[in-house]
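Commentary on secondary and tertiary structure
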Amino acid sequence: MNLETPPIALSVLVIDDETQMQRLLTIALEAAGYRVATASTGQQGLATIAQRRHDLVILDLGLPDVSGLLVLKQLREWTQTPVIILTVQDGEVEKVEALDSGADDYVTKPFNTAELLARLRAATRRANQPNSREPVFCFGELRVDLAARRVSVQGQPVKLTAKEYALLRLFIMHAGKVLTHRQILREVWGANHENDTQYLRVYLKRLREKLEPEPSAKPLFLTEPGVGYRLAEGVTEEREAAGER
């Protein structure tokens, strides 16, 4: 099985109090080419990452000394290192709160190792994405030129309203990452509309109708029940940005 070993060994800090989980993650991550450090408490995890830089953090929310959510909030005070949250099946409220507090993604226990590795790779790509220019993104027959503000499907231009475009752009700039309802509403409609989920449902329905013309095709927008939405992983960036002069 090809685990897509990173060309340069990235360092992952696993913060989890379960010895068996630490062992499982260490074996899987090292087999995929990562260097792994572990911490069994929140305070130990914070001290470890303060002493030595790590490229990624896997953080369990149920720690024995302090909540994983508090660890996340403290990390976000001084570092933007990607953080993947480990949650239990029924932890939807925790998932939303963690994502709103700066987590990059989450994986639900029990999890599939391949899924976890895919989430780590996606988080690494987003963290290393240059911000110097706005590129062109493609997904199947969809093409979005952010610099020129042009959208097309199967080569035909698609007209979007200002809010529809703002919503699409937000998803593209966070491709593969779960965005909570609150995050999306705050970014597109403003802080006063964080609870107006009906706005989001209406506009996302419009986008799907315009950008996913074939119901049988791979969906562009994926629903995370009780949490929010994410843009499908298949979105790719073209090397030459249209509008480059």
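Criteria and cut-off values
- Residues numbered from 1 in each chain as written.
- Predicted model: local features only at pLDDT ≥ 70, side-chain atom pairs only at ≥ 80, totals over all residues.
- Heavy atoms only, no water.
- Axes fitted to C-alpha atoms, helices over the stretch in contact; angles between N-to-C directions.
- Helix = DSSP H or I, 4+ residues; strand = E, 2+ residues; numbered from the N terminus.
- Parallel < 35°, antiparallel > 145°, perpendicular 65-115°, else oblique.
- Contact = heavy atoms within 4.5 Å.
- Nonpolar A, V, L, I, M, F, W, Y, C, P; charged D, E, K, R; others polar.
- Buried < 20%, exposed > 50% of the residue type's maximum accessible area, 1.4 Å probe, protein only.
- Arc of directions from axis to C-beta.
- Pairing = 2+ DSSP bridges.
- Core = buried A, V, L, I, M, F, W, Y, C linked by side-chain atoms within 4.5 Å.
- Right-handed = clockwise from strand over helix to strand, strands pointing away.
- Left-handed = near helix turned anticlockwise from the far one by under 90°.

Contact pair helix α7 (residues 181-189) / helix α8 (residues 197-211): the axes reach a minimum separation of 10 Å and the direction vectors enclose 80°. In terms of orientation, α7 lies roughly perpendicular with respect to α8. Residues H181, I184, L185 and W189 of α7 form the contact with α8, whose own contacting residues are T197, Y199, L200 and Y203. Of the residues belonging to the contact of α7 with α8, the class tally is 6 nonpolar, 2 polar and no charged.

As a further point, take helix α4 (residues 92-100). Every α-helix carries 3.6 residues per turn, so stepping three or four residues along brings you back to the same face. Among the residues of α4, K95, V96, A98 and L99 are the ones counted as buried. For α4, the buried positions fall inside an angular range of 165° around the axis, keeping them on one side. Looking at the residues trailing α4, positive phi occurs at G102, about 115°.

One key point about sheets: their strands pair by backbone hydrogen bonds, in either a parallel or an antiparallel sense. Judged by pairing direction, the sheet is antiparallel, and its 3 strands sit side by side in the order β10-β12-β11 without closing on themselves. Of all the strands in the sheet, just β10 (179-180) and β11 (221-224) have a single pairing partner and so form its edges. Sheet topology places β10 next to strand β12 (residues 228-231); 2 bridges connect them, and they run antiparallel. Following the sheet pairing, L179 is matched in β12 by Y229. Against the sheet, α8 touches β11 and β12, its axis set at about 145° to β11.

Taking strand neighbours across the sheet as the criterion, the 5 strands line up as β2-β1-β3-β4-β5 in an open arrangement whose pairing is parallel. What marks the edges here is a single partner per strand, and that holds for β2 (35-39) and β5 (105-108). Within the sheet, the average angular offset between the axes of one strand and its neighbour, ignoring direction, is 20°. Direction of pairing for strand β1 (residues 11-15) relative to strand β3 (residues 56-60): parallel, over a ladder of 4 bridges. Within β3, the position partnered with L13 by the bridge is V57. Packed onto the sheet, α4 meets β4 (83-87) and β5 and runs at close to 155° relative to β5.

Core analysis: the largest hydrophobic core is formed by 31 residues, its most contacted members being V151, L167, L168, F171, I184, L211 and F221. Looking at this core, the elements with two or more residues in it are β6 (136-139), β7 (142-145), β8 (150-153), α6 (162-173), α7, α8 and β12. Looking at which element gives the most residues to this core, the answer is α6, with 6 residues. Residues contacting F171, with those up to four places away along its chain left out, are L179, I184, L204, F221, Y229, R230 and L231. L46, I49, V83 and V178 belong to the second-largest nonpolar core, a separate cluster that totals 24 residues.

What follows covers the pairing of β2. Sheet analysis places β1 next to β2, joined by 5 bridges and oriented parallel. Counted as the bridge partner of I15 is A39 from β2. At this point the chain moves from β1, through helix α1 (residues 19-31), to the parallel β2, and the crossover so formed is right-handed.

We now examine the packing of helix α2 (residues 42-51) against helix α3 (residues 68-75). Across the interface, α2 lies against α3 with an axial gap of 10 Å and an inter-helix angle of 20°. Our classification of the angle between α2 and α3 gives roughly parallel. Considering the relative orientation of α2 and α3, their crossing is right-handed. Judged by residue contacts, G42, L46 and I49 of α2 engage V71, Q74 and L75 from α3. Across the contact of α2 with α3, the residue classes break down as 4 nonpolar, 2 polar and no charged.

From the geometry alone we can't say anything about function, so treat these as descriptive.
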